Amino acid sequence: MLRVNGVTDRLRTGMANGVLSFPLTSFHADGSLDPDGFRAHAAAQIATAPGAVFPACGTGEFFSLDEDEYRQVLTIAVQEAAGRVPVVAGVGYGWAQAVRFARIAEEAGADALLVLPHYLVAAPQDGLVAQLEHIAARTRLPLIAYQRGQVAFGADAFRRITAIPGVIGLKDGHSDLDRLQRLTLAAPEGFLFFNGAATAEIQARAYATVGVPAYSSAVHAFAPEIANAFFAALRDGDHGTADKLLRDFYVPLVELRDRVPGYAVSLVKAAARLRGRPVGPVRAPLTDPSAADLADLKTLLTAGLDLVGATL
């Protein structure tokens, strides 16, 4: 039996009260999975009361995990969440492989699935719909579709996916607000939307104007103090604080992130390591930051934490 209504309600409540946390997957120096490190990191993330936790997604290097590692990560995340926040697991690749991961997530006790963009090929709208239909028909967990990269739903395809039993939401990473506004207006009542832009805080206010206030926060993975301060500023209409955090931390962070492909993940991991978090290195094909970029990151992170009364 699909677990839809209860999960949707829990996610909606969480989204209104906190950022969405995407924990990093911990690896040892040799690249092997570090379950103890991940447990410590996940526990620390959940302790800061995010709206939901999304393990083994893009920031968690889903693309580099085998099925056994994925099972360990999901099991630990569910154990540490202990029902306090919803756990949404990443699944991806073609639908057949996505279903294999979905079954593992079910067994681990996850609450829902985030369907990451499929691998490599461009696909027509009918195929994008069929991908979700195949996954939904083979899992009892609710699905959140993620449009990014080669996945972008037109209005007709979007209406069709909202009619698939078990599809409860859409995460958007394209930042095409014209298209997104059309989708929010066409959505059935209660359908969930998530801002999944890279460094989503930069565009959080713009997304909110088209009815998408909830957002994922990579910054939360290494500086929940900053992420939560920004969320509170937006919630409370404190534009002065929000502007200062954007100007003095988030915009410079994006400029640093854009220096090298893959820094959207590897900079986040490096920042977490700077704070003593046991997350380890990234796995290839990602690379860890250069010494010069790491020094700039440390300076920026120190300044950002100072803005919210925290220290490195």
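For the structure, check the block above.
All of these numbers come straight from a predicted model, not from anything done at the bench.

### Points about the pairing of strand 6 (residues 167–172)
At step 1: Judged by how many residues are buried, strand 6 sits mostly within the fold: six of six residues are covered.
At step 2: Of the pairings in the sheet, the one linking strand 5 (residues 143–147) to strand 6 comprises five bridges and is parallel in character. The residue of strand 6 that forms the bridge with Q147 is D172.
At step 3: Regarding topology, helix 6 (residues 155–162) serves as the crossover connection from strand 5 to the parallel strand 6, and that connection is right-handed.
At step 4: At this point the chain moves from strand 6, through helix 7 (residues 177–186), to the parallel strand 7 (residues 192–195), and the crossover so formed is right-handed.

### Thoughts on the packing of helix 4 (residues 95–108) against helix 5 (residues 125–136)
At step 1: Contact pair helix 4 / helix 5: the axes reach a minimum separation of 9 Å and the direction vectors enclose 35 degrees. Considering the relative orientation of helix 4 and helix 5, their crossing is right-handed. For the pair helix 4 and helix 5, the contacting residues are W95, A98 and V99 in the first and Q131, H134 and I135 in the second.
At step 2: Residues that form the contact of helix 4 with helix 5 fall into these classes: four nonpolar, two polar and no charged.

### Quick look at the nonpolar core
At step 1: Y70 and F153 are the most contacted members of the largest nonpolar core, which totals 73 residues.
At step 2: If we skip the residues at most four places from it in the chain, Y70 touches A56, F62, L65, A89, G90, V91, F101, I104 and A105.
At step 3: In terms of nonpolar packing, the next biggest core, distinct from the first, is built from 33 residues, V19, F249, L256 and L300 among them.

### A few points about helix 2 (residues 35–47)
At step 1: Taking 1.5 Å of rise per residue, 13 residues should cover 18 Å, and helix 2 covers 18 Å from first to last C-alpha, within 8% of that figure.
At step 2: Of the positions making up helix 2, those classed as buried are G37, F38, H41, A42, Q45 and I46. Take helix 2 and look down its axis: the buried residues cluster within an arc of 155 degrees, on one side only. Across helix 2 from its buried face, at more than 90 degrees, point the exposed residues D36 and A47.

### A closer look at the packing of helix 9 (residues 224–236) against helix 10 (residues 239–257)
At step 1: Where helix 9 meets helix 10, the axes come as close as 8 Å, and the angle between the chain directions of the two elements is 145 degrees. Considering the relative orientation of helix 9 and helix 10, their crossing is left-handed. Of the residues in helix 10, those in contact with I226, A227, A229, F230, A233 and L234 of helix 9 are T241, A242, L245, L246, F249 and Y250.
At step 2: When its residues are assigned to classes, the contact of helix 9 with helix 10 shows 11 nonpolar, one polar and no charged.

### Here we look at helix 5
At step 1: Its 12 residues place the ends of helix 5 17 Å apart at the C-alpha level, agreeing with the 16 Å of an ideal helix rising 1.5 Å per residue.
At step 2: Looking at the packing, one finds that the buried side of helix 5 touches helix 4, strand 4 (112–115), strand 5 and helix 6.

### Some words on the pattern of salt bridges
At step 1: This structure, assessed with the given rule, holds 20 salt bridges.
At step 2: R100 serves as the salt-bridge partner of E67, at 2.8 Å between the closest nitrogen and oxygen. Pair noted here: E67 is in helix 3 (residues 67–81) and R100 is in helix 4, with a separation of 33 residues, a long-range link.
At step 3: Between R160 and D126 there is a salt bridge, and its shortest N-O distance comes to 2.8 Å. Here the residue R160 occupies a position in helix 6, and D126 occupies one in helix 5, the gap between them amounting to 34 residues.
At step 4: The class for R160 is partly exposed, based on a relative accessible area of 33%.
At step 5: By relative accessible area, D126 is classed as exposed at 52%.
At step 6: Through salt bridges with shared partners, a single network forms among D126, D156 and R160.

### Digging into the sheet that holds strand 1 (residues 20–21)
At step 1: If you trace the three strands from one edge of the open sheet to the other, you get 2-1-8, paired in parallel fashion. Here the strands that pair on one side only, and so sit at the sheet edges, are strand 2 (52–53) and strand 8 (216–217).
At step 2: Pairing geometry for strand 1 and strand 8, over two bridges, is parallel. Directly across from S21, in strand 8, lies its bridge partner S217.

Basis of the calculations
- Sequence positions are assigned chain by chain, starting from 1 and proceeding in written order.
- The model is predicted, so local features are restricted to residues of pLDDT at least 70 and side-chain atom pairs to those at 80 or more, both for listing and for counting; the totals for chains, interfaces and linings are taken over all residues.
- The basis for every side-chain value is the complete set of heavy atoms in the structure, and neither hydrogens nor water enter the calculation.
- Type-normalised accessible area, obtained with a 1.4 Å probe on protein chains alone, sets the label of each residue: buried when under 20%, exposed when over 50%, and partly exposed for intermediate values.
- Put simply, DSSP H or I for four residues or longer makes a helix, DSSP E for two residues or longer makes a strand, and each gets a number counted from the N terminus.
- When DSSP finds two or more bridges between two strands, those strands count as paired.
- With the strands aimed away from the viewer, a crossover counts as right-handed if its path from the first strand over the helix to the second runs clockwise.
- Geometry is summarised by axes, namely lines fitted to C-alpha atoms with helices restricted to the contacting stretch, and by angles between N-to-C directions that run from 0 to 180 degrees.
- Here a crossing is called left-handed whenever its near helix is offset anticlockwise from the far helix by less than a right angle, and right-handed whenever the offset is clockwise.
- For this analysis, residues touch if any pair of their heavy atoms sits within 4.5 Å.
- Each residue is assigned to one class: nonpolar for Ala, Val, Leu, Ile, Met, Phe, Trp, Tyr, Cys and Pro, charged for Asp, Glu, Lys and Arg, and polar for all the others, Gly among them.
- Residues belong to a common nonpolar core when they are buried Ala, Val, Leu, Ile, Met, Phe, Trp, Tyr or Cys residues joined through side-chain atoms within 4.5 Å.
- Helix span, as expected, comes to 1.5 Å for every residue beyond the first.
- The directions from the helix axis to the C-beta atoms form the arc being described.
- A pairing counts as a salt bridge when a side-chain nitrogen of Lys or Arg comes within 4 Å of a carboxyl oxygen of Asp or Glu.

Don't take any of this as a statement about function, it's just geometry.
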